[in-house]
Amino acid sequence: MSDGAVATTIFAVFMAGTVALGLAAVRGRGKQGGLAEWSVGGRSLGAVFIWVLMAGEGYTSFSYLGAAGWGYNYGAPVLYVVAYMSCGYAVGYVVGPMLWAYARRHGLVSISDMVAHRYGRPWLGAGVALLVTVFLLPYIQLQITGMGVVVSTISYGAISLNWAYFIGFAVTTGFVVVSGLRGSAWVSVLKDVLVIGTLAFLVLYVPLHYFDGYGDFLDRVVREKSDWLTLPGSGGSRYGEAWFATTSLLNALTVVIFPTTVAGYLGARSADGLRRNAIWLPAYNVLLFVPMLLGMAALFVVPGLVGAESNLALFKLVVDSLPAWGVGVIGVAAALSSIVPMAVFMLVIGTMWGSSVLSLLPRWRGPRRQKLASQAVVVVAGALALVLTYAAPNTLVRLSLISYEGMAQLVPMLLIGLVWRKLTLAGAVSGLVVGVGIVCALVFSDHDPVFGVNAGIVALAVNLAVALVVSYAGPAGRRDERPDAEVLARDPLGAEGEDGADGADGEGERGVRAAAGP
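Residues numbered from 1 in each chain as written. Predicted model: local features only at pLDDT ≥ 70, side-chain atom pairs only at ≥ 80, totals over all residues. Heavy atoms only, no water.

Engineer: I tried to follow the overall build of the protein chain on my own but got confused; where do I start?
Structural biologist: Secondary structure assignment for the protein chain yields 24 helices and zero strands. Its C-alpha radius of gyration of 23 Å places the protein chain within 12% of the 24 Å reference for a compact globule of 518 residues. The principal-axis extent of the C-alpha atoms belonging to the protein chain is close to 70 × 55 × 45 Å. Here the protein chain, with 518 residues, has 58% of them falling under the buried criterion. (Helix = DSSP H or I, 4+ residues; strand = E, 2+ residues; numbered from the N terminus. Rg over C-alpha atoms; globule rule 2.2 N^0.38 Å. Buried < 20%, exposed > 50% of the residue type's maximum accessible area, 1.4 Å probe, protein only.)

Following this line, the structure appears as structure tokens:
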């Protein structure tokens, strides 16, 4: 049997197992509950499942491809990923339980629901859902592309890129439509076992196989590639100290309100579980050093990679030095690192549309119908990303430039709005519009970084200033008569029993009314 056939067979077996595992996750639950059971796992996932799920969202195909590519091209600037994720988990220690309690108390299942409930405007939730969809579609496309590159490479060309793209879409859609967040959590367990095992092997194997151990490898890096060890990295990149600090700060604030992160929060069984999760999640970031180091090792083994080829630095080492079965197993780990986050991205888009957009139509109201609508949107969103991957890949690639920085502009509307009653609807919307506009203007005119600073944080500063000025000096608008306890989020310490009882079913008329506003 050829190397390609061996690796492809291993990949096919694991993909079939992935779908089976996702479907097994909801055995006996498929007909229970409505949107909350599907979208946030019935708010009942324990600490282990939440840990692997949220770790899985952070460890995507970028970790195998992009992190190695950045390590290969620039070196030290790639460490911003470790910095912002670790800082974000610290922020999430406070924010996660707050969002969990707020959503549980009011029967909400997404950030668009939260915004609609906080400001009492269903149309605002629909608008946020549309905006977030635009920002998330590029992530789906990037995961499809990443998986395609991995599968085509590990199959030694036996599986074409186009077929690999379709396999990624089909496998992910197959289990997420049926099993929802719970299925993604179960598959995350398989993914994490493979990721931890393969990276632990590679971090030992590569330096010993290609060098005389870490001493020789690191000595060569210091002597021959010293620029890779300091900011701004190799080749006089634009990613210096100011960029590193501002990007780490911006992303740490953004990751805690990122829709996929919030989906993990809302699926938790308790607020204490989220706090424990925030303590232990940074440990997973240690794994990110492996592809970064191996990307730098590839500088000496496969020099001269340029452009998109540099993203294959890690896999060129793997294919060059390991037997076909080993290539297949490592490829499966990388493929699952695309599938798990892609599943949650699709799930979040479907949930927001089902609960905040289509629910505005009378015929789609009610938990069961919202769930069906959400599942249909999952298929449509995934198919749209797949078609654009084939037909117009540069469209979503361009949008991906503003995705994270654009999502950051929701921080004042959501986080500040949930703790400060005086932030008005007009202020929040004005800040959001200005912030997104500035991000688009700076990024698409190639002014990111701007004066060495992340363009997104410049936009966020202006966003916040506009929101405050308009809130204080702008029109008062319609007075919201609801008490603070109904509108604002609070720390759930000592009140988990009340929260649990208040939103135990996560469904029903109360949840629908809350999501739609007063």
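From this point, the narrative continues.
Engineer: Just to check I follow, could you spell out the side chain of serine 248 for this structure?
Structural biologist: With respect to the helices and strands, the residue serine 248 is situated in helix H11 (residues 241-255). Under the relative-accessibility criterion, serine 248 is labelled buried at 8%. Separated by 2.8 Å, the side chain of serine 248 and the backbone oxygen of phenylalanine 244 make a polar contact. In this structure serine 248 touches Tyr80, Ala83 and Tyr84, once residues within four positions along its chain are discounted. (Polar contact = N/O pair within 3.5 Å; in protein donor to acceptor, adjacent residues only side chain to side chain. Contact = heavy atoms within 4.5 Å.)

Engineer: Would you mind going over the environment of leucine 372 with me for this structure?
Structural biologist: Note on placement: leucine 372 falls in helix H17 (residues 367-391). The exposed category is assigned to leucine 372, whose relative accessible area is 54%. It is 8.9 Å that separates the C-alpha atoms of leucine 372 and glycine 34, two residues lying 338 residues apart in sequence.

Engineer: When you look at helix H21 (residues 455-473) in this model, what are you seeing that I'm missing?
Structural biologist: Every α-helix carries 3.6 residues per turn, so stepping three or four residues along brings you back to the same face. Helix length check: H21 (19 residues) gives 27 Å between terminal C-alpha atoms against 27 Å at 1.5 Å per residue, within 8%. Among the residues of H21, those classed as buried are Ala455, Gly456, Ile457, Ala459, Leu460, Asn463, Ala467, Val470 and Ser471. For H21, the N-terminal cap is asparagine 454; the gap from its side-chain oxygen to the backbone nitrogen of glycine 456 is 2.6 Å. (Expected span 1.5 Å × (residues − 1).)

Engineer: Explain the pattern of salt bridges to me, please; I cannot follow it from the model alone.
Structural biologist: Between side chains of opposite charge, pairing is possible as soon as their charged atoms come close. On inspection of all chains with the given rule, the structure shows nine salt bridges. Among the ionic pairs, arginine 238 bridges to aspartate 446, the shortest N-O distance being 3.6 Å. Pair noted here: arginine 238 is in the loop between helix H10 (214-224) and H11 and aspartate 446 is in the loop between helix H20 (425-444) and H21, with a separation of 208 residues, a long-range link. Its salt-bridge partner being arginine 275, residue aspartate 491 comes within 3.3 Å of it at the nearest N-O pair. One end of the pair, aspartate 491, is in the loop between helix H22 (484-487) and helix H23 (496-502); the other, arginine 275, is in helix H13 (residues 271-284), and 216 residues separate them in sequence. Arginine 275 gets classed as buried once you look at its relative accessible area, which sits at 7%. Look at the salt bridges and you will find they share partners, linking Asp219, Arg220, Arg223 and Glu224 into a network. (Salt bridge = Lys/Arg side-chain N within 4 Å of Asp/Glu carboxyl O.)

Engineer: Looking at this structure, how should I read helix H6 (residues 80-106)?
Structural biologist: Its 27 residues give H6 an end-to-end C-alpha distance of 36 Å, which sits within 8% of 39 Å, the value for a rise of 1.5 Å per residue. Taken across its 27 residues, H6 has 20 buried, putting it largely inside the fold. A positive phi of about 70° marks glycine 107, the residue just after H6.

Engineer: Where do I start with the packing of aromatic side chains in this structure?
Structural biologist: The geometry of an aromatic ring pair comes down to the distance between the two centres and the angle between the two planes. By the definition in use, this model includes 23 aromatic pairs. Considering the side-chain rings of tryptophan 70 and tyrosine 239, the 5.1 Å spacing of their centres and the 35° angle between planes classify their relative orientation as tilted. Residue tryptophan 70 is found in helix H5 (residues 66-73), and its partner tyrosine 239 is found in the loop between H10 and H11; the two are separated by 169 residues along the sequence. On the basis of relative accessible area, tryptophan 70 is assigned to the buried category, the value being 18%. You can call tyrosine 239 buried: its relative accessible area is 16%. Put simply, the rings of Trp70, Tyr74, Tyr80, Tyr84, Tyr139, Tyr239, Trp243, Phe258, Phe345 and Tyr404 pair up and form one aromatic cluster. (Phe/Tyr/Trp six-rings, centres within 6.5 Å; stacked < 30°, edge-to-face > 60°.)

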